[in-house]
Amino acid sequence: MTPLLSARSLTKQYGGRNGCRDVSFDLYPGEVLCIVGESGSGKTTLLNTLALRTEADSGELRYTSTNGDTLDLRTLSEPRRRLLARTEWGFVQQNPRDGLRAGVSAGANIGEPLMAVGARHYGQIRNTAQQWMRRVELDATRIDELPSAFSGGMQQRLQIARNLVTGPRLVFMDEPTAGLDVSVQARLLDLLRTLTTTLHLSVLIVTHDIGVARLLAHRLMVMQGGAVVESGLTDQVLDDPQHPYTQTLVASVLPV
Amino acid sequence: MNAPDSLQTSNATVTSHETQAAAGYNFAYLDEQTKRMLRRALLKAVAVPGYQVPFASREMPLPYGWGTGGIQVTAAIIGANDTLKVIDQGSDDTTNAVNIRRFFARTTGVATTRHTREASIIQTRHRIPETPLTEKQILVYQVPMPEPLFRLEPRVAECKKLHALSDYGLISVELYEDIVQHGSIATTYDYPVTVNGRYLTSPSPIPKFDNPKLHMNAALQLFGAGRERRIYAIPPYTPVKSLDFDDHPFEVQRWEHACALCGSRESFLDEMIVDDAGKRMFVCSDSDYCHERRANDDAIDDANVDTIDAHATTEPATHAGEHA
C-alpha cells in the first residue's frame, strides 16, 4: 500500500531554533496518527508545515492524490495547493472561532467549502448543510443561527462538519478537544472516532492529552524540543514507553 | 432627485463656459504627467476587463467619497471637443453633479450638456442612463469601494490572491446569507458581477436594475476609485454576468407604479415624499430620460397633474440653488 502522506527529514525552524526538525513518517489511508508532546515541542509547527500553512525549510513531503499521482507538496503551485486543501484536505483548528466565519450563519459556514468548489444551487447546499449538522449531532433547525449562538463544543462540531462536507481524505486537527469540558470532550471524541471509521479518513491529530491519543490514534509520535523522540503503535508506546520523556509523559497522567 | 425642468437656463450656462479654461490651471486641472499615469492605468484596465489596476490617486479639490476617482478618470480622457454630462443618482441637478460639471466647465471650457444623446463623456454616480449608449460614448463611474470581496475578506493581499486564482466561492457565501436572512437575494445595489467570464467586479453602487445594461454595452465603461486608488474598466461589448444561484436566479426590481411625471414603466423610479402628510410620488431617477419623454409626449395623465404641481411648489429651492 502506498502512503497517503509521506515526510522525510522535514525541518521548519524559526531563526535556527524552535520549530521542528528532521521529522520523517508515513501516513497510510484510513490511519489516525497522533502527535503528542509538551507545549513548545513543535507539534503545531509540524502540523502547519504538513498542511502547507507554513513553508518548510528543508526535507521532502509527498502526497498521493485521489487519482493516484504522487505530488511533491513543497514544489506544488499555489492554485494546486488551494485546490488540494479545499477538496481533499480538512483543517480543524484548536479554537473554532479561527476555523469558522463568525459573521455568517451555521449553514453558510458548512456550505462555504461547497460553494468554493462550484456549488450554485441554494436548496442543495442547504440540504447538505442540514445533513451534516445532523451527522455531527447538532440541531438541524438551528441552521440559520450564527456560530456565536452555539456553545464551545457545538462550535467545534460545526467546524468539523465544515471540514468534512467536501469529503476530504486527509484531515489535520490541532488539539480539537482542548478547552472543552470533560463530558463534551468525550462526546466529541466519540463523534470523531465514528466519523473517521465510517468515512475512512486519514487523520493527523496534534494533542497534549494522552487520553485523546489512546482513544483515537492507531499510531503515535512523541515530540520533544522539535524532534520526534519515539514513535510506534499507540498501545505499544503508551504501555511500554522507551524514551525517558515518554516515560515521564505517561507517568504524569492523573489516575482516576 | 428628478427635479422639474430647468433646461432653458442650463443651455445658457453652456454658452457662458465656452470661452476658456480657468487661468493658472492646466487643461482639466491635472498636470500632464498625472494624466499620462492615469491613461497608462486605463489602458491596462481596458486590456484586462474587470481587473483592478492600482494608480497613484491625487488629491482633488473635493472630499473622498464625492467622486475623486471619477473626476480623475474624466480629467485624463477629456479633450477640448468633448461634451460632458454629469449625473448623480440619475439626476443632472443634484449637488454632486452640478459641482463636478461646473468644475470641468471651468477647468477645460468644454461644452456640457444634460442630454444623454449629446454627451461624449458621461460621469455618473449610482446610475446608468436609461437611454441606450453608443460606441462614441464613454461612461465614467465614481466608485467608493472597488473590491467586491472586502466584506468577507478584509486582507487586501488575500483578495488579490483570490482574484489571481479566480477563487470566488466567498462571494456566494454573501448571497447565501442574503437568502437566509431575507428569503431572496436582497442585495439591491453594488450587485457583484463577473466580467468577461473572469474577474469578479463591483459595478459601483448602481442599483441592480442597471446590471443588465453593463452586459454587452456599446460604450466604454471606466471605473475610478480615488480613495482606494484603483481603476478598472469594462470595454465595449463585453459580457457581464450578475452572480446568482441556480434556484434563485438574478432578477431586477419592478414597480407597480409608473413615473408620475412621464408615465414610464420601464425606468428606475425614485420614491419621493412630497408633503408632511406622507404623500408619495414615484418619478424617474434619470432626469434627462424623463424630460425627454415629456417633451416628446406632452399628454400626461390627468390624475398626475396635481402631484406635479404639488411637487413643483415644494421644491423651488432646487432651481434657485443650481444657478446661484
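See above for the structure.
Fair warning: this is a prediction, and the values are worked out from it, not measured in the lab.

**Student:** In this structure, what is going on with the overall build of chain B? I would like to understand it.
**Tutor:** Helix and strand counts for chain B stand at ten helices and twelve strands. The buried share of chain B, reckoned over its 324 residues, is 56%. Counting contacts in chain B only where the partners sit at least 6 residues apart, residues at least 24 apart contribute 64% of the total. Put simply, chain B shows about 14400 Å² of open surface, and 52% of that area lies on carbon and sulfur atoms.

**Student:** In this structure, what is going on with the sheet that holds strand β3 (residues 111-112) of chain B? I would like to understand it.
**Tutor:** Within a sheet, adjacent strands bond to each other through the backbone by hydrogen bonds, running parallel or antiparallel. Residue and element names in this part refer to chain B. Strand order across the open sheet formed by seven strands is β1-β9-β8-β5-β4-β2-β3, with mixed pairing between neighbours. Two strands bound the open sheet, and with one partner strand each, they are β1 (53-54) and β3. Two elements, β1 and strand β9 (residues 230-234), share two bridges in a ladder whose sense is antiparallel. Looking at β9, one finds that P54 is bridged to R230. Sitting on the sheet, helix α3 (residues 68-77) is in contact with β2 (83-88), β4 (121-125), β5 (138-142), β8 (220-225) and β9, with an inclination near 150° to β5. Contacts from helix α4 (residues 95-108) reach β2, β3, β4 and β5 within the one sheet, and its direction differs from that of β2 by about 160°.

**Student:** What exactly am I supposed to notice about the packing of α3 of chain B against α4 of chain B here?
**Tutor:** For any two helices packed against each other, one specifies the crossing angle of their axes together with the interaxial distance. Residues and elements named next belong to chain B. At a minimum axis separation of 12 Å, α3 and α4 run at an interaxial angle of 30°. Between α3 and α4, the angle is such that the two are roughly parallel. Crossing geometry of α3 relative to α4 is assigned as right-handed. Across from I71, T74 and A75 in α3, the residues of α4 making contact are I100, F103 and F104. Class assignment of the residues belonging to the contact of α3 with α4 gives a composition of five nonpolar, one polar and no charged.

**Student:** Explain α3 of chain B here, please?
**Tutor:** It helps to recall that an α-helix has 3.6 residues per turn; residues three or four apart then point in one direction. With nine of its ten residues buried, α3 of chain B lies for the most part within the structure. Buried within α3 of chain B are the following residues: T68, G69, G70, I71, Q72, V73, T74, A75 and A76 of chain B.

**Student:** Would you take a moment to explain the interface of chain B and chain A for this structure?
**Tutor:** On the side of chain A, 20 residues touch chain B, which itself brings 20 residues to the contact. Of all residues in chain B, L165, V173 and Y176 of chain B bury the most surface against chain A, accounting for 30% of the area lost on that side. Taken together, the connections running from chain B to chain A amount to three salt bridges. R86 of chain A serves as the salt-bridge partner of D167 of chain B, at 2.5 Å between the closest nitrogen and oxygen. Run the count over chain B and chain A and you get nine residue pairs in polar contact (both at pLDDT 80 or more). Those elements that place two or more of their residues in the side of chain B that touches chain A are α5 (156-164) and α6 (169-182) of chain B. At eight residues, α6 of chain B tops the list of elements feeding residues into the side of chain B that touches chain A. Its residues assigned to classes, the side of chain B that touches chain A shows ten nonpolar, three polar and seven charged.

**Student:** Looking at this structure, how should I read the pattern of salt bridges?
**Tutor:** Any two side chains of opposite charge can pair if their charged atoms end up close together. The full count for this structure, using the stated rule, is 31 salt bridges over all chains. For D26 of chain A, the salt bridge is made with R8 of chain A, and the minimal N-O distance between the two is 3.1 Å. With a gap of 18 residues between them, D26 of chain A in strand β2 (residues 17-27) and R8 of chain A in strand β1 (residues 5-14) connect regions that are remote in the sequence. Between E112 of chain A and R162 of chain A there is a salt bridge, with the nearest N and O atoms lying 3.1 Å from each other. With a gap of 50 residues between them, E112 of chain A in helix α4 (residues 106-116) and R162 of chain A in helix α6 (residues 152-164) connect regions that are remote in the sequence. In this structure E112 of chain A comes out as buried when scored by relative accessible area, which is 11%. The network of salt bridges with common partners includes E78, R82 and R86 of chain A together with E158 and D167 of chain B.

**Student:** What is the right way to read α5 of chain B from this model?
**Tutor:** Residues and elements named next belong to chain B. Buried within α5 we find E158, C159, L162 and H163. The buried residues of α5 occupy one face: seen down the axis, they fall within an arc of 140°. With respect to the buried face of α5, the exposed residues turned more than 90 degrees away are A157 and A164. The positive-phi residue at the C-terminal boundary of α5 is S166, with phi of around 35°.

**Student:** What should I look at first to understand the sheet that holds strand β8 (residues 202-207) of chain A in this one?
**Tutor:** Residues and elements named next belong to chain A. The strand order across the open sheet formed by six strands is β6-β7-β8-β3-β9-β10, and the pairing between neighbours is mixed. Edge positions in the sheet fall to β6 (89-92) and β10 (227-233), since each of these pairs with one other strand and no more. Strand-to-strand twist of the sheet, defined as the mean angle between neighbouring strand axes without regard to direction, takes the value 15°. Pairing of strand β9 (residues 219-224) with β10, which is carried by six bridges, proceeds in the antiparallel orientation. What sits directly across from L220, in β10, is G232. Lying over the sheet, helix α1 (residues 43-50) contacts β3 (32-37), β6, β7 (170-174), β8 and β9, oriented at roughly 150° with respect to β8.

Criteria and thresholds
Residues numbered from 1 in each chain as written. Chains lettered and ligands numbered in written order. Predicted model: local features only at pLDDT ≥ 70, side-chain atom pairs only at ≥ 80, totals over all residues. Heavy atoms only, no water. Helix = DSSP H or I, 4+ residues; strand = E, 2+ residues; numbered from the N terminus. Buried < 20%, exposed > 50% of the residue type's maximum accessible area, 1.4 Å probe, protein only. Contact = heavy atoms within 4.5 Å. Areas by Shrake-Rupley, 256 points an atom, 1.4 Å probe, with all protein chains shown as cover. Pairing = 2+ DSSP bridges. Axes fitted to C-alpha atoms, helices over the stretch in contact; angles between N-to-C directions. Parallel < 35°, antiparallel > 145°, perpendicular 65-115°, else oblique. Left-handed = near helix turned anticlockwise from the far one by under 90°. Nonpolar A, V, L, I, M, F, W, Y, C, P; charged D, E, K, R; others polar. Buried area = accessible area lost by both parts, 1.4 Å probe. Salt bridge = Lys/Arg side-chain N within 4 Å of Asp/Glu carboxyl O. Polar contact = N/O pair within 3.5 Å; in protein donor to acceptor, adjacent residues only side chain to side chain. Arc of directions from axis to C-beta.

None of the figures reported here should be taken as evidence of function without further support.
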